[in-house]
Amino acid sequence: MKAPLYDAVKAHNKKNMVSMHMPAHKGVAEPLAALSEMQTLDVTEIPDTGSLFDGEGATAQAEVFASELFGTAATFMSAGGCTLCIQAMLRAVAPHGGKVVCGRVVHRSAINAMALLGIEPVWILPDDSAGEAFSGRITPQAVCDALTANPDACAVYITSPDYFGVMSDIKGIAEVAKQHGVPLIVDNAHGAHLKFLKEDMSPTSLGAAMSADSAHKTLPVMTGGAWLQVCDSRFVPDIRQAMALFGSTSPSYPIMISLDLARAFLCENGREQIEVLVGRVNKIKDLCAEMGLAVAQGICDPARIAFDTSMLGFSDGEFGELLRLNGVEPEYAGQGKVILIPSVMNTQEDFDVLSRAIEKICNEKREPAQSVLVRAALPQKVISPREALLSQSESVPVEKSVGRVAAEVFCPCPPAIPVVMPGEKIGKNEVSQLLSYGIFNIKVVK
Ligand SMILES: Cc1ncc(COP(=O)(O)O)c(C=O)c1O
């Protein structure tokens, strides 16, 4: 029997690499051991299990326990990743479309959802407070200016932390949103663990109305498992319906069970485990500083490791290749940046392998170079994202796209600041950025 995907995963697993990437369960040990009986747990909506989108039975009970742990008005499980939570949040705040003030550090799932819902994003560019090599933060002042200029906006949408772990001032932004009478919703895909830090940094604890938490990225949860955290109780009654609008009618029970198991694990000793993780990550960050690897400045996720390798002369994915040769599989390596996603499932031995690898690689002499992130400006908007995404389109070479209107999102990740959005005019600036990211063809409106 041929099963190429299964075979590839088995072959990769045989290499015994240290996993410094998603999913955070790392394929090992408790609390997921029960899932080795995968098929026996792959059930459906029966009276004993309850139905996710009907909010019944054991499924609903698992959500109530999660809500108690996270201190929310309600917590909803998603087996469709954070993407489904983002779709539901946007549907809840803008059921009839309209303007949403939105940080330009944004994942494509939000842009697609905005197009489907007829939402008009009002963009705010990030500042440069995280340093030259990293995408920056959305400031409360910038949100205030955008809301003042757009009094008809119905919500604020912020991504924090970003892929690098850079965090915006959610408390300050929540206060500004409150003063303007609109809800703040946060793409907290990379921050499901923030609740369990010594100082709770989760968006809903800092004043956000809702957050979308991609649990599988940073907590021991199967890929696709996420929570939608709702603190503003006005949104509770309609959220389940909003999730059902976008979600499959067959949500995966193994994924939901993994959310429930992770919740139980976090209830027991989440804080202690995250504290140990942060201690280990701090040591790696100290080593990075000692070795001359630049890390993002200002408030960042204490459990994320992201650094710029170009200062030491390592080009593009070179540092990643060297990490692999030394037994570490990174989450991302390219554009002179490395992103590692360790979790509570990584052992001290894993961190020892990682620190030996970083030390060894950095001791190899290179010619230093300067890495500066090309900061995107806002291209001119011609039509709405909805019109552009749903239009007839054609693929053209990037060099020939000047003056055309983009029909898709181009968001190299990192920096995760889209170069051009659907509906925006492509200029020379955008062309050179796309080429520098190795993008050679682009879909444009016909
Ligand atoms: C910032 C951000 N938001 C949302 C998502 C979507 O999350 P998921 O893959 O869980 O649907 C991602 C995925 O990488 C992300 O990086």
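That block above? That's the structure.
Attention here is on the structure that accompanies the text. If you're wondering where the values come from, they're calculated on a predicted model, not measured in any experiment. (Residues numbered from 1 in each chain as written. Predicted model: local features only at pLDDT ≥ 70, side-chain atom pairs only at ≥ 80, totals over all residues. Heavy atoms only, no water.)

1. Structural notes on the overall build of the chain
Piece 1. Counting its secondary structure elements, the chain contains 14 helices and 15 strands.
Piece 2. Its C-alpha radius of gyration of 22 Å places the chain within 12% of the 22 Å reference for a compact globule of 446 residues.
Piece 3. Based on the C-alpha atoms only, the size of the chain along its principal axes is roughly 60 × 55 × 50 Å.
Piece 4. Taken over 446 residues, the chain has a buried fraction of 56%.
Piece 5. For the chain, the exposed surface amounts to about 19,100 Å²; the carbon and sulfur share of it is 53%.
Piece 6. Here the chain holds 38 positive side-chain charges and 50 negative ones, and the gap between their average locations is 5 Å. (Helix = DSSP H or I, 4+ residues; strand = E, 2+ residues; numbered from the N terminus. Rg over C-alpha atoms; globule rule 2.2 N^0.38 Å. Buried < 20%, exposed > 50% of the residue type's maximum accessible area, 1.4 Å probe, protein only. Areas by Shrake-Rupley, 256 points an atom, 1.4 Å probe, with all protein chains shown as cover. Lys, Arg positive; Asp, Glu negative; His and termini not counted. Charge placed at Lys NZ, Arg CZ, Asp CG, Glu CD.)

2. So, helix α11 (residues 318–325)
Piece 1. Listed as buried for α11 are Phe319, Gly320, Leu322 and Leu323. Along the axis of α11, the buried positions cluster into a sector of 160°, meaning they face one direction only.
Piece 2. Looking at the buried side of α11, the elements it contacts are β10 (305–308), β11 (328–330), β12 (332–334), β13 (337–340) and α12 (348–362). (Arc of directions from axis to C-beta. Contact = heavy atoms within 4.5 Å.)

3. Here we look at helix α14 (residues 428–436)
Piece 1. Buried within α14 are the following residues: Glu430, Val431, Gln433 and Leu434. Buried residues of α14, seen end-on, are gathered within an arc of 165° and therefore sit on one face of the element.
Piece 2. Tucked into the core, α14 has its buried residues touching β15 (441–445).
Piece 3. Directly beyond the C-terminal end of α14, a positive phi value near 75° is found at Gly438.

4. Structural notes on the sheet that holds strand β4 (residues 119–124)
Piece 1. Here seven strands make up an open sheet; going across it, the order is β2-β8-β7-β6-β5-β3-β4 and the pairing mixed. In this open sheet, the two strands that pair with only one neighbour each are β2 (74–78) and β4. For this sheet, the mean angle separating the axes of adjacent strands, direction not counted, is 20°.
Piece 2. By the bridge criterion, four bridges tie strand β5 (residues 156–159) to strand β6 (residues 184–187) in an arrangement that is parallel. Residue pairing in the sheet places Thr159 in a bridge with Asp187 of β6.
Piece 3. Sitting on the sheet, helix α5 (residues 108–117) touches β3 (98–103), β4 and β5, and the angle it makes with β4 is about 140°. (Pairing = 2+ DSSP bridges. Axes fitted to C-alpha atoms, helices over the stretch in contact; angles between N-to-C directions.)

5. Digging into unusual backbone geometry
Glycine aside, residues mostly have negative phi angles, and peptide bonds mostly take the trans form.
Piece 1. The omega angle of the peptide bond from Met22 to Pro23 is -5°, so this bond is cis rather than trans.
Piece 2. Here Pro23 lies in the loop between β1 (18–20) and α2 (38–41).
Piece 3. Residue Pro161 follows Ser160 across a cis peptide bond; omega there is -5°.
Piece 4. Within the secondary structure, Pro161 is located in the loop between β5 and α7 (170–179).
Piece 5. Residues other than glycine seldom take positive phi values, yet Asn16 does so here, at roughly 55°.
Piece 6. You will see that Gln335, though not glycine, has its phi angle at about 50°, which is positive.
Piece 7. Summarising the element assignment, Gln335 is placed in the loop between β12 and β13.

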